[in-house]
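Summary of structural features
Take a look at the letters that make up each chain.
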Amino acid sequence: MNEQEYINYTRIAEAIEYILQNHTEQPTLEEIAKKVYLSPFHFQKMFTDWAGVSPKKFLQFISVQHAKQILNNSKTTLFETAYKTGLSGTGRLHDLFVKIEGMTPGEYKNKGENLTINYSFAESLFGRILVASTHKGICYMGFSDDKQIAFSELEKRFPKASFIQQTDEIQQNALKIYTQDWSEINKIKLHLKGTDFQLKVWEALLKIPTGNLATYGNIANLIQKPKASRAVGTAIGNNPIAFLIPCHRVIQSTGIFGGYMWGTTRKTAIIGWEASKINTSNITV
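Everything numeric here is computed off the predicted structure, so don't read it as measured data.

What follows deals with the overall build of the protein chain. Within the protein chain, the regular secondary structure consists of 13 helices and eight strands. Across the 285 residues in the protein chain, those meeting the buried criterion constitute 49%. Pairs at least 24 apart in sequence give 66% of the contacts found in the protein chain among residues at least 6 apart. Surface exposure of the protein chain reaches about 14200 Å², of which carbon and sulfur atoms provide 50%.

See below:
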């Protein structure tokens, strides 16, 4: 993503935020475009170039009604779909390339002592991102509108680690996921610091197919802890890997998207973007 594309995403995010705050008034294309200082023609083109669908269609994908419909249609097939999709066509799942390896009890207890962590800042479809890696895999990936805040979050997770600002092959391989071309991606390995329960929750998130949504109860049932929805929510909130571990696909049972560590507007943008990618064959403007 170049600088202009980042500016475009920022404008799109502003537009989505405006829509979320004023959805009851059903703002027109002209009103939304005015808020991001563009003509309706240029806003429509920019939005469609980014999302692959018109603003009007995108808004359908991020509505509560659409979310509830997905949840209702996915009760019996949500996770089976992940295994049936395979690796062909627009439905291929990036999750099949992701493997989680938990840190050893010693590494967990010592808070990263003796670990050397490389980190770098990159740009993605959804804004700037900080990605960090050990010699075993990606240990953190978070959106970073403010670089210092993002690095402070990384330090907080590994207070005794040594940090080197440099890009490595592990990071580059993981960042290819944003290109939506997985033909040359090697298995993406994640080296995560978490409890056994957290690791189970994060592994369960990988089973939610792209473009689908799940509830906290769905995840609790999947890990065979049906009464642990609240604890599941806490573990999801502590997910250290944005997008690759798709915590953004977990919403409330009411269809409301709910909170997100990296901002509700960004969560909304990701959900809508993923929905647009799997629904392009049924688009009506």
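This paragraph deals with helix H13 (residues 264-278). Note that an α-helix has 3.6 residues per turn; residues three or four places apart therefore point the same way. Given a rise of 1.5 Å per residue, 15 residues ought to cover 21 Å, and the 22 Å separating the end C-alpha atoms of H13 matches this to within 8%. Of all 15 residues in H13, 12 are buried, a share of seventy percent or more.

Bringing unusual backbone geometry into the picture now. Of note in the backbone geometry, Asn 114 takes a positive phi value of approximately 75° without being a glycine. Structurally, Asn 114 is set in the loop between helix H7 (105-109) and strand E2 (116-124). A positive phi angle is found at Phe 243, which is not glycine, with a value near 70°. Residue position: Phe 243 is located in the loop between helix H12 (229-237) and strand E8 (250-251). Under the relative-accessibility criterion, Phe 243 is labelled buried at 1%.

Before going further, it helps to examine the layout of surface pockets. Remark: the empty space left among the atoms is shown by a probe the size of a water molecule rolled over them. Quantified by volume, the largest pocket comes out at close to 570 Å³. What lines the largest pocket is a set of 16 residues, and nearest its centre among them are Ile 19, His 23, Leu 59, Ile 62 and Ser 63. Sorting elements by how many residues they give to the lining of the largest pocket places helix H4 (residues 55-61) first, with three residues. Each residue belonging to the lining of the largest pocket can be placed in one class, and the counts come to eight nonpolar, seven polar and one charged.

This part takes up empty space enclosed by the protein. Inspection of the entire model under this criterion finds one cavity of 30 Å³ or more. Of the pockets and cavities examined, the largest cavity occupies roughly 40 Å³. Considering every element that reaches the lining of the largest cavity, the biggest residue donor is H13, with three residues. Among the residues forming the lining of the largest cavity, the class breakdown is four nonpolar, two polar and two charged.

Cut-offs used in this document
Residues numbered from 1 in each chain as written. Predicted model: local features only at pLDDT ≥ 70, side-chain atom pairs only at ≥ 80, totals over all residues. Heavy atoms only, no water. Helix = DSSP H or I, 4+ residues; strand = E, 2+ residues; numbered from the N terminus. Buried < 20%, exposed > 50% of the residue type's maximum accessible area, 1.4 Å probe, protein only. Contact = heavy atoms within 4.5 Å. Areas by Shrake-Rupley, 256 points an atom, 1.4 Å probe, with all protein chains shown as cover. Expected span 1.5 Å × (residues − 1). 1 Å grid on protein atoms, 1.4 Å probe; cavity = no way out; pocket = protein on both sides within 12 Å on 5 of 7 lines; lining within 4 Å. Points joined across faces, edges and corners; volume = space filled by probe spheres on them. Nonpolar A, V, L, I, M, F, W, Y, C, P; charged D, E, K, R; others polar.

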